[in-house]
Structures are given as structure tokens and as C-alpha cells.
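Observations on the three-dimensional arrangement
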2 protein chains.
Amino acid sequence: MRELYHLWLSPACRQVRIMLAEKQLEFELIIEKEWERRESFLKLNPAGEVPVLLEADGTVLPGSTVICEYLDEAYPEPSLLGDTALARAETRRLIMWFSTKFNVEVTENLLSEKFDKRFLGRGSPNTHAIRAGKTNIGYHLEYIGYLCERRRWLSGDNISLADITAAAHLSALDYLGDVPWDDHPGARDWYARIKSRPSLRPILADHIPGLPPPKSYANLDF
Amino acid sequence: MRELYHLWLSPACRQVRIMLAEKQLEFELIIEKEWERRESFLKLNPAGEVPVLLEADGTVLPGSTVICEYLDEAYPEPSLLGDTALARAETRRLIMWFSTKFNVEVTENLLSEKFDKRFLGRGSPNTHAIRAGKTNIGYHLEYIGYLCERRRWLSGDNISLADITAAAHLSALDYLGDVPWDDHPGARDWYARIKSRPSLRPILADHIPGLPPPKSYANLDF
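Reference entry: report on the structure contained in this document.

1. So, the sheet that holds strand β3 (residues 52-54) of chain B
All names here are of chain B.
- The sheet built from four strands is open, its strands ordered β2-β1-β3-β4 with mixed pairing. What marks the edges here is a single partner per strand, and that holds for β2 (28-31) and β4 (60-62). Between one strand and the next, the sheet's axes are offset by a mean angle of 20 degrees, whatever the strand orientation.
- As paired elements, β3 and β4 share three bridges and run antiparallel to each other. Bridge pairing in β4 links L54 to V60.
- Strands β1 (3-6), β2 and β3 of the sheet are contacted by helix α1 (residues 11-22), whose axis makes an angle of about 155 degrees with β1.
- Packing against the sheet, helix α3 (residues 64-74) makes contact with β3 and β4, and its axis sits at approximately 130 degrees to β4.

Next comes the structure, spelled out in C-alpha cells:
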């Protein structure tokens, strides 16, 4: 059986979980506390980070970019990157938008400060960072709305890894109750659509002991 | 003519310059001071960052990942990602290694602190960051040596975008005289090999007004 080493609120891990589900590929989840720097895990991924996907034949794929590009090549139906080089360029532009720009401006300011620091005992949250994250998320939600006025999904007519990457980040923040959906109806409509897909169901069923999600987290009508 | 919007010491821009040269694709360089947030540049790339590649037919490709993946699809010879899905996974693993892990642990601590801050007037360099960067670079140079004991190039028998990405970062740091090559002979041998390729020549001819490189920068024998 395929195994995914992951952490519950890691957007990169959620991206792979949704990707696998959209491809209808079965897998088992294994929690990897990467900060323990387990030796046999470091052999799988010298970078020491989740996600790592272990295919049934022993193939090791470390990191969400590597995993998702590989899965789209090895299991091409349905294509989640796009059918032409240009379509793939636009999908990858938006994947990078969320996995770098959104990550630095929003996810690290909110998720890392509020969750990682508290649960991993890495000091008290930086209130300036949290304020910056709360301001920045508005610009990104407006950008999602802007794109969805012009296209059905973020990178074109079909759902793609761009939507999956954005949903991976936003669902993790939504677990903390940190997404002001009501102020951004365009982004809210897009999230309602992706939230109702079967691939999101396991993500919405996540329940971290000691940190339950708000009620709206799994509610398809918000 | 193809145009590349770039900045001289940006590793992401150097990665694209070397990639284009390895593919023997001609291009013109245009300096883009991204911090000025020029409106017509923001239309090319809403993320407001270099590199951006403008193809002769008007196709806009923003960001080094998007550009390099596109170029390898559109101009497949020679392949710089690899010939199989697994080979591409290993190349992408190492691209991510240098563009995220090395970037955070080394490049941002040295290049951003020493160059960006001074030239862009963003305050004085953080000496703790510089010390961390100088410590971390040693581990990464050892890793390059480790890989080259097992393979001819970083990701396999042929030069790939993994080597190009590593050389893009290390050449920018070498411009500042910040790479302790003599302490890491394995990495030094690898860099001597890539440095002697025609694709590196324009990079080694870079000369930023007011900030000349050390003599060893362009010296093929160090």
C-alpha cells in the first residue's frame, strides 16, 4: 500500500492528500514528527520534511512539488496540471503563488505563529506577524475572486493543482478559524465548490486532539 | 527577440539565464528593479518579481519554476529535467533543495543580508544571520561532494536543472566572495566543471557597477 508521511495542518501535505484523492489513488497516512529527525525518515528524505510519499514498489518521493509532478506524469488521468505547455505554465504560476507568496505572506504569519509555536513550544506568537497575516489574507482572497470572475477554476476551465494548492493552504487556516470568508464572496463561492468535492472529505474530517476545528470548518454551507 | 526581465545577483534569474544558454536559446536581458513596482511589469507578473520571460510571440512566463519547466517542454533537446518520471523526480527534488532549503539556510542569510540590505537601504546586516549562513553553507557544499562521489552530476549521469539551480545560487554567493571552496574539494571540483561550460560564461562576465567581483569569481582554475 502507498504511504504518505504527513502532518495534519501542513498545507504541503494537504495538497498531496487532495491530489491523491482527485486521482483516486489509495494511500495510508503516517504521522511524521519531522522535528524528531528520525533516522529512517531522514533516509527517505534528507531534507527531513513532510510530505514524503512511499509508493508500493518502494519508490520514494519527497516534497509536494516532486510528488505532485510525479503523480500527474505517472497517473495522467485526469490531468491536474493542464493539457498544453501554456496551460501547465499558468497552473504552475498559481501553484507557486500559493506555495511561496501566499505561504510567506499569510500561512507562516498565521499558522506557524499560532499553531507551531504553541504546540511545539517555540515561544509566544508574534502579534505583528499575526496582524500582517490577517491583513494580507484579504488581498489573496480578492485575487481568488478576481480569477474566478474570469475562469471557472483558478487556472482555467477545469479544476487543477492550482485550486488544490490554494485549498490546501486555506483549509489549514480555516481549521484555525482564520479565514474571513464573509468579506470575500468570490473566494467563498470558489471554496464552497471545492469543499463539496469528495477529495476534500477526508481533510474536512480532520480532528486534532486538543485542538478541535470550529463548526464551520466542515460545514459545506459555511 | 525573447526578453528576460532580471536582476544581476538573483539566483532565480541566473538559473533561467543558464537554462536558456544550455538550450542555446537567444535572449536579451532587461534589468527590472522589482521594488519600484512598475505598473507594466506588474501586468506581466502580478507577483511583481523577477525573473519574467517574454517569448517573441508574446507568451509571458513568470517565475523560475514556471519558466524552466516550460522551456524543457517547449524545447526538449537537450532534456534538462531527465528522461523518465523518476529521473525528473530526483532532479526536481534537488531543484527544490537549492531553491528552498539552501535559499533559506544560506542565500537569504548571506546575499539578502549583505547585498540587498546595503544596496536597497533596508537597514544594517544582521550579523547573526550572516554567521548562520556561513555555517550552513558548509553542510550544503559537503552534500554536493557526497552526491558527486556517487554520480557524475548532481541528479545523475547528465547535467540537469539541479546543477544549474545549485550553480545559480553558488555563483551569486561567489560574486560576494562567500564560498569557502578550498574547504570542500568535492564541491569545488563540481563547480570547476560547471564553471567551464559555455552557458556560464555570460554569468562569469557579470560586473555590477560599484560592486566588482573578487578575481577568483571568473577564474576557471579558482
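Okay, back to it.
2. Considerations on the packing of aromatic side chains
- Enumeration over the complete set of coordinates arrives at 14 aromatic pairs over all chains.
- Residues B:F98 and B:F102 carry aromatic rings whose centres are separated by 5.6 Å and whose planes lie at 50 degrees to one another, so their mutual orientation is tilted. Of this pair, B:F98 and B:F102 both sit in helix α4 (residues 85-119), separated by four residues, roughly a single helical turn.
- B:F102 gets classed as buried once you look at its relative accessible area, which sits at 0%.
- On the numbers, 5.0 Å between centres and 75 degrees between planes, the contact of B:Y175 with B:Y217 is edge-to-face. With B:Y175 in helix α6 (residues 161-175) and B:Y217 in the segment after α8 (201-204), the pair connects residues that are 42 residues apart, well separated along the chain.
- A relative accessible area of 1% means that B:Y217 is categorised as buried.
- Taken together, A:W97, A:Y143 and A:Y146 form an aromatic cluster joined through their ring pairs.

3. A few points about the state of the cysteines
- Enumeration over the complete set of coordinates arrives at zero disulfides over all chains.
- Not engaged in a disulfide, the cysteine A:C68 finds its nearest cysteine sulfur in A:C13; these two sulfurs lie 11 Å apart.

4. Comments concerning the sheet that holds strand β2 (residues 28-31) of chain A
Residues and elements named next belong to chain A.
- The four strands are arranged β2-β1-β3-β4 in an open sheet whose pairing can be described as mixed. Two strands bound the open sheet, and with one partner strand each, they are β2 and β4 (60-62). Neighbour-to-neighbour, the strand axes of this sheet turn through a mean angle of 20 degrees, independent of strand direction.
- With three bridges connecting them, strand β1 (residues 3-6) and strand β3 (residues 52-54) associate as antiparallel partners. From the neighbouring strand, L4 faces β3, where its bridge partner is L53.

5. So, the side chain of A:T107
Residues and elements named next belong to chain A.
- Inspection of the secondary structure puts T107 in helix α4 (residues 85-119).
- Since its relative accessible area comes to 3%, T107 is described here as buried.
- Filtering out sequence-adjacent residues up to four positions away, T107 remains in contact with P11, F102, S112, H169 and L173.

6. Side note on the relation of the copies chain B and chain A
- For the match of chain B to chain A, the screw axis carries a shift of 0.0 Å, the RMSD comes to 0.0 Å, and the turn is 180 degrees. Expressed as an axis order, the relation between the two copies is that of a two-fold axis. Considering only C-alpha atoms, the residue of chain B closest to the rotation axis is B:T100, which sits at 4.7 Å.
- When you check the interface residues of chain B against chain A, 100% turn up at the interface there too, and the contact is symmetric in its surfaces.

About the cut-offs
Residues numbered from 1 in each chain as written. Chains lettered and ligands numbered in written order. Predicted model: local features only at pLDDT ≥ 70, side-chain atom pairs only at ≥ 80, totals over all residues. Heavy atoms only, no water. Pairing = 2+ DSSP bridges. Helix = DSSP H or I, 4+ residues; strand = E, 2+ residues; numbered from the N terminus. Axes fitted to C-alpha atoms, helices over the stretch in contact; angles between N-to-C directions. Contact = heavy atoms within 4.5 Å. Phe/Tyr/Trp six-rings, centres within 6.5 Å; stacked < 30°, edge-to-face > 60°. Buried < 20%, exposed > 50% of the residue type's maximum accessible area, 1.4 Å probe, protein only. Disulfide = S-S within 2.5 Å. Least-squares fit on C-alpha atoms with pLDDT ≥ 70 in both.

In short, shape yes, function no, at least from these values alone.
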